[in-house]
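Chains, contacts and geometry: an overview
In case you want the letters, here they are:
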Number of protein chains: 2
Amino acid sequence: MVRSRSGGRPTLEEVAARAGVGRGTVSRVINGSPRVSDATRAAVEAAVAELGYVPNTAARALAANRTDAIALVVPEPETRFFAEPYFSDMLKGVGAELSDTEMQLLLIFAGSDRERQRLAQYLAAHRVDGVLLVSVHADDPLPDLLAQLEIPAVISGPRSAQETLTSVDSDNYGGARSAVEHLLARGRRRIAHITGRLDVYGAQRRIDGYREALRDAGHAVDEDLIEPGDFTEEGGRRAMTELLARCPDLDAVFAASDVTAAGARQVLREAGRRTPEDVALVGYDDSAIARHMEPPLTSVRQPIEEMGRRMIDLLLTEIADRRPAVSRGLERRQVVLATELVERTSS
Amino acid sequence: MVRSRSGGRPTLEEVAARAGVGRGTVSRVINGSPRVSDATRAAVEAAVAELGYVPNTAARALAANRTDAIALVVPEPETRFFAEPYFSDMLKGVGAELSDTEMQLLLIFAGSDRERQRLAQYLAAHRVDGVLLVSVHADDPLPDLLAQLEIPAVISGPRSAQETLTSVDSDNYGGARSAVEHLLARGRRRIAHITGRLDVYGAQRRIDGYREALRDAGHAVDEDLIEPGDFTEEGGRRAMTELLARCPDLDAVFAASDVTAAGARQVLREAGRRTPEDVALVGYDDSAIARHMEPPLTSVRQPIEEMGRRMIDLLLTEIADRRPAVSRGLERRQVVLATELVERTSS
DNA sequence: ATCACTTGTGGGAGCGCTCCCACGGTACCT
DNA sequence: AGGTACCGTGGGAGCGCTCCCACAAGTGAT
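These figures come from a predicted structure and were not determined experimentally.

As a further point, take the pairing of strand 10 (residues 298-301) of chain A. All names here are of chain A. Here strand 9 (residues 280-285) runs beside strand 10; their pairing, made up of 4 bridges, is parallel. Considered in strand 10, the bridge of Val282 is made with Thr298. Two elements, strand 10 and strand 12 (residues 340-342), share 3 bridges in a ladder whose sense is antiparallel. Bridging from a neighbouring strand, Val300 pairs with Leu341 of strand 12.

Turning our attention to the sheet that holds strand 7 (residues 226-227) of chain B. Residues and elements named next belong to chain B. On the basis of which strands lie adjacent, the open sheet formed by 6 strands has the order 7-6-8-9-10-12 and mixed pairing. Each edge of the sheet is formed by a strand with only one pairing partner; in this case those strands are strand 7 and strand 12 (340-342). Sheet topology note: the strand 8 (residues 252-255)/strand 9 (residues 280-285) ladder contains 3 bridges and is parallel. Across the sheet, Ala252 pairs through a bridge with Ala280, a residue of strand 9.

For chain A, the assigned domains read domain 1 (12-55), domain 2 (69-170 + 306-337) and domain 3 (172-301). Taking only C-alpha atoms into account, the centre of domain 1 of chain A sits 35 Å from that of domain 2 of chain A.

Another aspect to go through is the protein's contact with DNA strand D. Within the structure, DNA strand D sits among 27 residues, and Arg23, Thr25 and Thr40 of chain A together with Leu12 and Tyr53 of chain B are positioned closest to it. Near the protein, meaning within 4 Å, the atoms of DNA strand D are sugar or phosphate in a fraction of 61%, with bases accounting for the rest. Arg28 of chain A is positioned with one of its side-chain polar atoms (N or O) 3.1 Å from a base oxygen of DNA strand D. For the surface near DNA strand D, the element with the highest residue contribution is helix 4 (residues 57-64) of chain B, accounting for 5 residues. Here the residues of the surface near DNA strand D sort into 11 nonpolar, 10 polar and 6 charged.

A few words on the side chain of Glu227 of chain A. Residue and element names in this part refer to chain A. In this fold, Glu227 is placed in strand 7 (residues 226-227). A distance of 3.4 Å separates a polar atom in the side chain of Glu227 from a polar atom in the side chain of Arg238. Discounting chain neighbours no more than four positions away, the residues touching Glu227 are His193, Ile194, Thr195, Arg238, Ala239, Glu242, Leu243 and Arg246.

As a further point, take the sheet that holds strand 5 (residues 166-170) of chain B. Residue and element names in this part refer to chain B. A sheet is described by the order of its strands in space; here 6 strands give the open sequence 2-1-3-4-5-11, paired in parallel fashion. Of all the strands in the sheet, the pair left with one neighbour each is strand 2 (104-109) and strand 11 (334-337). On average, each strand axis in the sheet is inclined to that of its neighbour by 20°, with strand direction left out of account. Relative to strand 5, strand 4 (residues 153-156) runs parallel, the two sharing 3 bridges. Across the sheet, residue Val154 finds its bridge partner in strand 5, namely Thr166. Across the sheet, helix 7 (residues 113-124) is in contact with strand 1 (69-74), strand 2 and strand 3 (130-134); its angle to strand 2 comes to roughly 145°.

How each quantity is defined
- Residues numbered from 1 in each chain as written.
- Chains lettered and ligands numbered in written order.
- Predicted model: local features only at pLDDT ≥ 70, side-chain atom pairs only at ≥ 80, totals over all residues.
- Heavy atoms only, no water.
- Pairing = 2+ DSSP bridges.
- Helix = DSSP H or I, 4+ residues; strand = E, 2+ residues; numbered from the N terminus.
- Domains from an automatic or database assignment.
- Near = heavy atom within 4 Å.
- Polar contact = N/O pair within 3.5 Å; in protein donor to acceptor, adjacent residues only side chain to side chain.
- Nonpolar A, V, L, I, M, F, W, Y, C, P; charged D, E, K, R; others polar.
- Contact = heavy atoms within 4.5 Å.
- Axes fitted to C-alpha atoms, helices over the stretch in contact; angles between N-to-C directions.

Laid out in structure tokens, this is it:
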């Protein structure tokens, strides 16, 4: 690897001169165009290697009007990002799928208003080719901003049944059903449900699954057995206290998240209810906490890593589609991945 | 905010036309140059607002040869990044210091060889103005690569006393001293030390602090009481087992990390030694685990968030310095921040 | 009135690439 | 033989900015 005489980094032009070809040809080789003869390609590749040529991203971005970067936007403060295994799993999947691409991943937190302001600015400057949106609430204005700026985006967890953005989700409805069916099969009849945040579509779908699993098995749904939570541990404690007071005869609890189940478990123990003998418990997420609970928690596993991979997949397709023609096919793409019930001793 | 007639995003030129000034003047206003009259500045700012102008980063990067981005390079797999509070605290400090800057932060993992390859490519392309390096081992080639590419960099934790890169560190020597002095003050006399990874400079400094605190207090250093660990829990168990076998009369343990202390604690309990009655225990990091241990662990707190802030500070200075002149002052900048002993009931 | 600065401003040149048109060469038809 | 088609290739134009030189107008000393 030789240093270019100019002292700086070698340019396309210099590579072309060295290989004895034109600028256009080098560009074609760099970008893997098939319209180059093998001999020429080899010569150019040799010159690239000799000079240690690396394309200037800024120049490319300017000329081609693309950035080769995508953003993973997390509308939460850093703290939650690190605390919840959801994000790290998602990141793993995203990273894996991106690793044999030229695309660069940016991680952007938009927890505070300040940060959201900056994000809006960032998107307006079109500094990324596409956006991955995770954990978005029903009333979040971000998706609309993205649509207005015409930036390709994929959302994890649609905001509603009418979601217009491309989305990847796990089967919340089916996951909830399997949890309830499992409890029914174990002979439980008074199954309570501590829900997630009601403004999250996925939480609604879990409630639907809970209801219909009971109905389809020929049981009436007792609304008293449904208590709203918010995915947190504290919410689980609160809801469980409420439920015990209202329905002391319950014999099972299906919680919308593992941490919620952990909160519920504390209250149950303090009330002298044994798990699973007196009250069976099923959580959601199959996070690390599920394995470490006492007793280990039965939980609905979502294929989060796989979701990350699919999101990238869809996003890259959308970016590619948008490039040459305006292929406004506009078929709504919604991917739903299956969940799996992981049975442990809490049920 | 009006859309530019061309359909795309407005350019500097269009803003200039609208404000009735030249391109250069708009550029000056955008970049906050003082050499613009108030009236002109106001006119330009109005035009910017009306058109909703946002500078094109790629064009700027190309023309000015800078990217306005810096990378936080983590030479570990994602998993460790999420597991250790060290990183999230660091990120918090970094983010805070960067928040009133135009600089963009990129998070880059370089755990696998594959990822390192990509990183090298990335740096060679000069896609960032500077690099923050955390948790680097003594034999890591990354710092040299950075030096060779002449990319400003700041390292957290120097690799050795001869570190050439600008560095920010906490006072490992002083932290260790304070831990040992605390144990001495509590009347302990047979104080063992489970070290960190020996190829980490900070771990060496802690050993130095341990030794000199004993010596300065007039005690001989018994080398049998020093057992190498590796910062992990498993390492703590192993080392503690070793120590108990070799020196059954020890009455205190200073561990180089909280997780190591947790490992040691398990072994001590299994051996029937009470903490703190029989064996006092002090950890390092003051991480969440310290607060949640049974009994709560006395630990040396490092101001990690502050370290993150200082690192950014130094890096931005270095980037700014490099821009116009080649101010090879080359005074080695090494910042060392004080630690604090957080006393709990384990000692 | 002249000169020497300073201040604010306009606009040319150029950053390194991609896009695309044009051109010579070969191959295959009529 | 001429015509048509398609390769592979060279290089002009232009992406939107910053840098810097040139210049007009103002200021104050001589």
